[in-house]
Amino acid sequence: MPRGEATIGHVMAQIAMVMNLDKCIGCHTCSVTCKQTWTNRPGVEYAWFNNVETKPGVGYPRRYEDQERWKGGWTLDAKGRLVLRSGGRAERLLSLFANPDLPGIEDYYEPVTYDYDNLVSAPAGPDAPVARPRSALTGEPTAITWGANWEDGLGGAPEHAGGDPNLTGEWAERVRFEFEQTFLFHLPRLCEHCLNPACVSACPSGAMYKRVEDGIVLVDQNRCRGWRMCVTACPYKKVYVNHATGKAEKCTFCFPRIEAGLPTVCSETCVGRLRYLGLLLYDADRVGEAAATPDERDLLEAQRGVFLDPHDPEVRAAARESGIPEDWLDAARRSPVYDLVSRYKVALPLHPEYRTLPMVWYVPPLSPILDAVSGAGGDQDDPDHVFAAVTRLRIPLDYLANLFTAGDTDIVAGVLMKLTALRSYMRARSLGEAGDEAVLKAVGLTAREGEDLHRLLAVAKYRERYVVPAAHQEDAAALTALENRCPVESSGDPGSAGGRRVMLGIPTQRHRPPDASTGEHA
Amino acid sequence: MSTTGHPLAAASGGDLLLWVAVPYICLAVFAVGHVWRYRHDQFGWTTHTSQLLEHRWLRWGSPLFHLGAFMVIAGHVVGLAVPASWTEAAGIGEHAYHTTAVWAGSVAGTAMVAGLGMLCARRLLTRRIRLGTDRSDKLLFPLLSATVLLGIAATAAHNLVGPGYDYRATVSVWFRGIFGLQPRPEAISDAPLLFQLHALTACLLFAAWPFTRLVHVWSAPIGYLVRPYLVYRRRATTPPPVSRGTAASVPRADHL
């Protein structure tokens, strides 16, 4: 974007993510591999750094998007200043003894394990032995009544989906009563690694921080004192209390892998290949101003305005001055995230109205619209039918707008139109026809851009989805120090079980730029 | 009070043990224990919150206990550290002092006992929390309860229903002697049993302090009031970049 008028401030780089929701089949592989990697320990049985929700649905933890209740994120006070919704500093300290806005375990779910032993140790009898569920917290037999993905595939929608905070009034009723005709899509969620993280700002101990080099938001396990204000402040409820260690834990964006130039575990194992990782350069001096944008609906553009064009020589010069290494600038130019977020503008942030400037963005799903077109007897493949549906269908459009644009349906409609036009054009090209470039032009794409965007979204080669520059050799001392410590050490007796530190076994290597590194996986 | 040349010479062996040796040992453990814990166990240094697992009892119990404890501690500072002659010089008579102390102390003590009772009850009755109770909690909760109950029992027995006992002439003298490095064991040796037991359990509580979750007291996040909202930290050992005009502090990371 041209930035002639304003000078560029302090340039910072962040590893950001985009997810193409049309491709998510809700298989939960990301959640499971994440859990196996990070939260398969006592104290965080209930925590999912990555989870996949079915929308519409109340989500995990229940109704976490209801900020009237949970007080997450930022808001503007009467004078237009940015303040945490959970209150000012003194108010926060006064609620240290009992935090009134902290979700209880019942808002997540009671974690369970099973009596697996019974399967092999039960005495011989006429019936097959069963493994009964037991609470992982109390060890007692329990009934499973809720879970992190309880509403998978709209399960229980007649009972629960109306409680989705993104649905109001008549919609809630309609979704409740017409759930089998309603739309459905999956929403994978992890920590947003926000530019203006509310959790960091709420931490009384100063234990949470955003890393200067790559923007990853972490909890310093040695400085966390368990005041649990971060859990309340995070509007996405992606910081968790480890009840065994008494410390906060959160998604680490798999920083040991990122430092080695590898994608996060959730991205690496994504079956649908819907995740993209890449650098975004941003102007750190403009973050506060963007987050305090008066109108919620302008927050999306304000956040895009904070991002810098890595192709702009002025930006590159400012980035060099800020100490961003040359190979990172090169990676920023090849960033699929920059293309989807700022160049083609098809990716949108989740709940920009929380004012945290989240850094995991989503390409909104076209499938709810296409389903509705088919349901109404239309032709999914006729762009005119789909265009008409995009402008006419209130429920899916308003719903997506509530998720991704603070309620602005025009922006969501614009993105969906773009995807429809692209779909129509590339479909014609694949069938050997010329393709109608006028359709592309109407949504602001040239034929070349159309093919480029199609390649990024549909072909989605491994090397094009993940452009992760490795951490720098001059940082090797810090990385070596890191090897001695696991960021999520487990609780328990320090002396027992061969020492409490778990080695991650991640090599501290520096990859060559991707051309010479991992082979093509896709 | 003894007026002999050296007060320790007149004290019996038992008094020396209970009112000189035990307090100093406990204070030494308190000091050395904290240094050791701070240097070796930052990861274990936490409030160890259990609000996630149970919040209904905690909602009332924890504020009652903590606010009550603050008042009780303030009362002890005034009652133990400030000599009676000072308050009298400030124009507060013995009667006025004790009336205030008994009333304020009763309110604070009741809040603290009620809060601690609720916190103990949830720990015992909620299975999730009972199972998460570690060895240090099993030491801390009974010791703290005993100290608090003995303290409030002493006040109730002697100053609320009893004729009144001027601990400022005895227990306080002993207390100040400990910290003034001029031990006065004879000052407390004739105090009523409840006051003596309260003083001893308090000593033990100080000795146990560094090894329990009580260490979180020293982490009271007062600095949060003046800290910039956003915290950036470097992963690397390279010097931080110039930061201009942002509400950001860029402290050096020595780990992670």
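Fair warning: this is a prediction, and the values are worked out from it, not measured in the lab.

A.B. asks: Tell me what's going on with the sheet that holds strand E1 (residues 11-20) of chain A, and back it up with residues and numbers.
C.D. replies: Paired through their backbone hydrogen bonds, the strands of a sheet run either parallel or antiparallel. Residues and elements named next belong to chain A. The strand order across the open sheet built from five strands is E13-E12-E1-E15-E14, with neighbouring strands paired in mixed fashion. Taken across any chain shown, the strands that pair with only one partner, and hence form the sheet edges, are strand E13 (307-308) and strand E14 (348-349). As judged from the nine bridges shared by E1 and strand E12 (residues 275-283), these two strands associate in the antiparallel manner. Following the sheet pairing, Gln14 is matched in E12 by Leu280. Strand contacts of helix H15 (residues 326-333): E1 and E12, with the helix running at about 115 degrees to E12, the strand carrying the most contacts.

A.B. asks: Give a description of the packing of helix H5 (residues 94-125) of chain B against helix H7 (residues 135-160) of chain B that names residues and reports values.
C.D. replies: Residues and elements named next belong to chain B. Taken N-terminus to C-terminus, the directions of H5 and H7 make an angle of 150 degrees; their axes are 10 Å apart at the nearest point. Of the possible angle classes, the one that applies to H5 and H7 is roughly antiparallel. Here H5 and H7 pass one another in a crossing that is left-handed. Across from His98, Val102, Gly105, Ser106, Gly109, Met112, Val113, Leu116, Cys120 and Arg123 in H5, the residues of H7 making contact are Phe141, Leu144, Ser145, Val148, Ile152, Thr155, Asn159 and Leu160. Partitioning the contact of H5 with H7 into residue classes produces 10 nonpolar, seven polar and one charged.

A.B. asks: Residues and numbers for the domain arrangement of chain A, please.
C.D. replies: Residue and element names in this part refer to chain A. Taken as a whole, chain A is organised into domain 1 (1-109 + 146-362) and domain 2 (364-444). The gap between the C-alpha centroids of domain 1 and domain 2 is 26 Å. In this assembly, 22 residues from domain 1 lie in contact with 22 residues from domain 2. Elements that contribute at least two residues to the side of domain 1 that touches domain 2 include exactly helix H7 (169-177), helix H13 (299-306) and E14. Per-class residue counts for the side of domain 1 that touches domain 2 are 14 nonpolar, three polar and five charged.

A.B. asks: Talk me through the UniProt feature "domain: NarG-like" (unreviewed entry) in chain B; I want residue IDs and the actual numbers.
C.D. replies: Here, UniProt's "domain: NarG-like" (unreviewed entry) annotation points to residues 16-235 of chain B. For residues 16-235 of chain B, the end-to-end C-alpha separation is 54 Å, with 68% helix and 2% strand making up the annotated structure.

A.B. asks: So, the nonpolar core: which residues are in play, and what are the values?
C.D. replies: Soluble, globular proteins show a tendency: their nonpolar side chains are buried together. Counting residues in each nonpolar core, the largest one holds 155 residues, and the members touching the most others are A:Val18, A:Cys230 and A:Leu281. At 10 residues, helix H20 (residues 409-430) of chain A tops the list of elements feeding residues into this core. Beyond its immediate stretch of four places on either side in the chain, A:Cys230 contacts A:Cys199, A:Ala202, A:Cys203, A:Met208, A:Val239 and A:Ala248. Residues B:Ala108, B:Trp174, B:Phe175 and B:Leu205 belong to the second largest nonpolar core, which totals 28 residues.

Reading the values: rules and limits
Residues take numbers from 1 onward in each chain, read along the sequence in its written order. Lettering for chains starts from A, numbering for ligands starts from 1, and both go in the order in which the items are written. Thresholds applied to this predicted model are a pLDDT of at least 70 for local features of residues and 80 or more for the giving and counting of side-chain atom pairs; totals over whole chains, interfaces and linings are not thresholded and use all residues. The criterion for strand pairing is that DSSP finds at least two bridges linking the strands in question. Here a strand is any run of E in DSSP of at least two residues, a helix any run of H or I of at least four, and the numbering for each starts at the N terminus. Each residue gets a C-beta atom placed from its backbone, and two residues are in contact if those atoms lie within 7 Å. In this description, a line fitted to the C-alpha atoms serves as the axis of each element, helices being fitted only across the stretch in contact, and the angle between N-to-C directions of two axes falls anywhere from 0 to 180 degrees. Under this scheme an angle from 65 to 115 degrees is roughly perpendicular, one under 35 degrees roughly parallel, and one over 145 degrees roughly antiparallel; angles in between are oblique. Definitions for this section: a left-handed crossing has its near helix turned counterclockwise from the far helix by less than a right angle. A right-handed crossing has that turn clockwise. For this classification, Asp, Glu, Lys and Arg are treated as charged, while Ala, Val, Leu, Ile, Met, Phe, Trp, Tyr, Cys and Pro are nonpolar and the rest, including Gly, are polar. Those domain boundaries reflect an automatic or database domain assignment. UniProt positions are given in the numbering used here, feature names are shortened, and annotations may be inferred rather than shown by experiment. We define a nonpolar core as a collection of buried residues of the types Ala, Val, Leu, Ile, Met, Phe, Trp, Tyr and Cys that are connected via C-beta atoms lying within 7 Å of each other. In this scheme the burial state of a residue depends on its C-beta neighbours within 10 Å: 20 or more other such atoms mean buried, 12 or fewer mean exposed, and anything in between means partly exposed; the C-beta positions come from the backbone.

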